[in-house]
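Descriptive structure summary
As a plain string of letters, each chain reads:
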Amino acid sequence: GIGKSTLILQALDKLMSNNVSVLYVTGEESQEQIKLRADRLKVKANITLLAENSLDQVLKHVQKLKPQVLVVDSIQTVFLPDLESAPGSVSQVRECAGKLLYFAKNTGTSILLIGHVTKEGSLAGPRILEHMVDCVCYFEGETTGQFRILRTIKNRYGSTNEIGIFEMTAEGLKEVLNPSEYFLKDKSAQSTGSCITCALEGTRPLLTEVQSLVSSSQLANPRRTAIGIDPNRLALIIAVLEKTTGLNLYSQDVYVNAVGGLKLYEPASDLAILLSLVSSFKNTALSGQIIAFGEVSLNGEIRAVSHIDKRIQEAVKLGYRQIVLPKRSKISVKTKDIEILTVSHVNEVIDLVFR
């Protein structure tokens, strides 16, 4: 339900508009269902469809039609009759993928395999497919939300950890050209418990909002809830705040959320989390022009982060004029009309930002 078939149909439409011959093998849905989706997406190309589950029969049609691109939707539904195991089992997935790999190498056909990932993050048991193929892309997002992220995990012919962000609409997926602006469009200029940071997805800088809510707890063990943020890093930052600043967070419920469904697991977001926590605890809003990134160490020091120039450029492009960053950061970009606030310790950050 995430939109894999929608993404593939739109991609095949683009390929065929560039005179690339394709064959779409569907093992899950009927040809009529695919046709209805194509009509809704306004696909103009006449994509050749094949509803078949036997891989031997699929390869016979491929040898006859000789398409440049073959799509198998999904790898868990096709099977080899010679194997006794059921479709979707580890042995079937491994053998089917191996036969398709051999076919692709010998004929030069580009093959796209669609697979389902379980809640445990595995694909038909062990992640055997990821070791066999040349490129692995994850298509992620909440099925109830409007955003989808296409993330490259493995690529033998290019860089990894790159992402593409799309919005799911009634007419299909639309690329979000400026995701930072999209994630921040609903943010108010002055709001307590909120701070902007710049995270890197691969080599792509993304501005996102970190929201915190600190409230008095009536429980013996106060709640610590983190959405889109590593709970261990949140616990670390709370401990550093209590130790170095004397803020009594041990009796408070703490909720932290990365807005927009992004996952902020890199240390560069530590400083924004810290500032949002203090803002909520003090019930004092940060300036709408401020953005922060830096790693918080266990002794309260603010450590430098990578790709500082990219982060600054993205912040300036979105109109932020006050940038809080570690003192040891090496800046080579021009910072005209920008106020750079360099800090080296947690106490210094709080004094500077909440003065």
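Placed above this text is the structure.
To keep things clear, this report deals only with the structure shown in the data block. Since we're looking at a predicted model, the values are computed, not measured. (Residues numbered from 1 in each chain as written. Predicted model: local features only at pLDDT ≥ 70, side-chain atom pairs only at ≥ 80, totals over all residues. Heavy atoms only, no water.)

As for the overall build of the protein chain
Put simply, the test is: The secondary structure listing takes helices from DSSP runs of H or I that are at least 4 residues long and strands from runs of E that are at least 2 residues long, numbered from the N terminus. To sort residues, take the accessible area from a 1.4 Å probe on protein chains only and compare it with the maximum for the residue type: under 20% means buried, over 50% means exposed, and anything in between is partly exposed. Calculation of accessible area relied on Shrake-Rupley with a 1.4 Å probe; when residues are assessed, cover is drawn exclusively from the protein chains displayed. In this tally Asp and Glu are treated as negative and Lys and Arg as positive; neither His nor the chain ends contributes. Every charge is mapped onto a representative atom, which is NZ of Lys, CZ of Arg, CG of Asp or CD of Glu.
The helix and strand inventory of the protein chain stands at 10 helices and 17 strands. The C-alpha extent of the protein chain, read off along each of the three principal axes, is 75 × 50 × 35 Å. Put simply, the protein chain has 355 residues, and 45% of those count as buried. Summed over its atoms, the accessible surface of the protein chain is roughly 18,000 Å², and 50% of this surface lies on carbon and sulfur atoms. The distance from the centre of the 40 positive side-chain charges to the centre of the 37 negative ones in the protein chain is 3 Å.

Observations concerning the sheet that holds strand E7 (residues 163–169)
The condition that has to hold: DSSP bridges decide pairing: two strands pair if at least two such bridges lie between them. Only the stretch in contact is used when a helix axis is fitted, and all axes are lines through C-alpha atoms; the angle between N-to-C directions ranges over 0 to 180 degrees.
Pairing is antiparallel in the open sheet, where four strands are placed in the order E5-E6-E7-E8. Where the open sheet ends on each side, the last strands, each with one partner, are strand E5 (135–140) and strand E8 (172–175). Strand-to-strand, the axes of this sheet are offset by a mean angle of 30°, without reference to chain direction. Bridge count for E5 against strand E6 (residues 147–155) is six bridges, and the pairing is antiparallel. The residue bridging Phe139 from the neighbouring strand is Leu150, located in E6.

Comments concerning unusual backbone geometry
Cis rather than trans, the peptide bond between Asp73 and Ser74 has omega equal to 5°. Here Ser74 lies in the loop between strand E3 (69–73) and helix H4 (90–107). A positive phi is found at Lys66, a non-glycine position, where the angle reads about 50°. Lys66 sits in the exposed class, given a relative accessible area of 63%. Of note in the backbone geometry, His307 takes a positive phi value of approximately 55° without being a glycine. Inspection of the secondary structure puts His307 in the loop between strand E15 (302–303) and helix H9 (308–317). Judged by relative accessible area, which is 44%, His307 ranks as partly exposed.

Brief notes about the sheet that holds strand E2 (residues 48–51)
Under the convention used in this document: Any two residues whose heavy atoms approach within 4.5 Å at even a single point are treated as in contact.
As summarised here, the arrangement of the four strands in space is E2-E1-E3-E4, forming an open sheet in which the pairing is parallel. Pairing within the sheet leaves two strands with one partner each, and these edge strands are E2 and strand E4 (110–114). The average undirected angle you get between the axes of adjacent strands in this sheet is 15°. The pairing of E3 with E4 spans five bridges and is parallel. Directly across from Asp73, in E4, lies its bridge partner Ile114. Contacts from helix H2 (residues 31–40) reach strand E1 (22–26) and E2 within the one sheet, and its direction differs from that of E2 by about 145°.

Overview of the environment of Gln31
Cut-off, in case you're wondering: N or O atoms closer than or at 3.5 Å make up a polar contact, with two conditions inside protein: a donor-capable atom paired with an acceptor-capable one, and, for residues adjacent in sequence, both atoms drawn from side chains.
Inspection of the secondary structure assignment puts Gln31 in helix H2. Each C-alpha atom, one on Gln31 and one on Thr48, is 9.9 Å from the other, the two residues being 17 residues apart in sequence. Contact partners of Gln31, with chain neighbours within four places excluded, come to Leu49, Leu50 and Ala51. From its side chain, Gln31 meets the backbone oxygen of Leu49 in a polar contact 3.4 Å long.

What about the pattern of salt bridges?
Threshold: We define a salt bridge as a contact between a side-chain nitrogen of Lys or Arg and a carboxyl oxygen of Asp or Glu at a distance within 4 Å.
Scanning the entire structure with this criterion turns up 13 salt bridges. Among the ionic pairs, Asp39 bridges to Lys35, the shortest N-O distance being 3.0 Å. Of the two residues, Asp39 and Lys35 are both situated in helix H2; the distance of four residues between them amounts to about one turn of the helix. Residue Lys35 is classed as partly exposed on the basis of its relative accessible area of 48%. The shortest N-O distance in the salt bridge between Arg156 and Asp134 comes to 2.7 Å. Taken together, the residues Arg156 in the loop between E6 and E7 and Asp134 in the loop between helix H5 (128–132) and E5 connect sequence positions 22 residues apart. One network of salt bridges, with partners in common, ties together Lys105, Asp134 and Arg156.

Comments concerning the nonpolar core
Quick reminder of the rule: Definition used in this section: a nonpolar core is a set of buried Ala, Val, Leu, Ile, Met, Phe, Trp, Tyr and Cys residues joined via side-chain atoms within 4.5 Å.
Among the nonpolar cores identified, the biggest contains 36 residues, and Leu241, Leu275 and Leu277 are the most heavily contacted of them. Of all the elements in the fold, those that place two or more residues in this core are strand E9 (194–201), strand E10 (204–216), helix H7 (231–245), strand E12 (252–258), helix H8 (270–282), strand E13 (290–292), strand E17 (339–343) and helix H10 (346–353). No other element matches H8, which puts seven residues into this core. Beyond its immediate chain neighbours, meaning those up to four positions away, Leu275 contacts Cys195, Leu286, Ala292, Val349, Val353 and Phe354.

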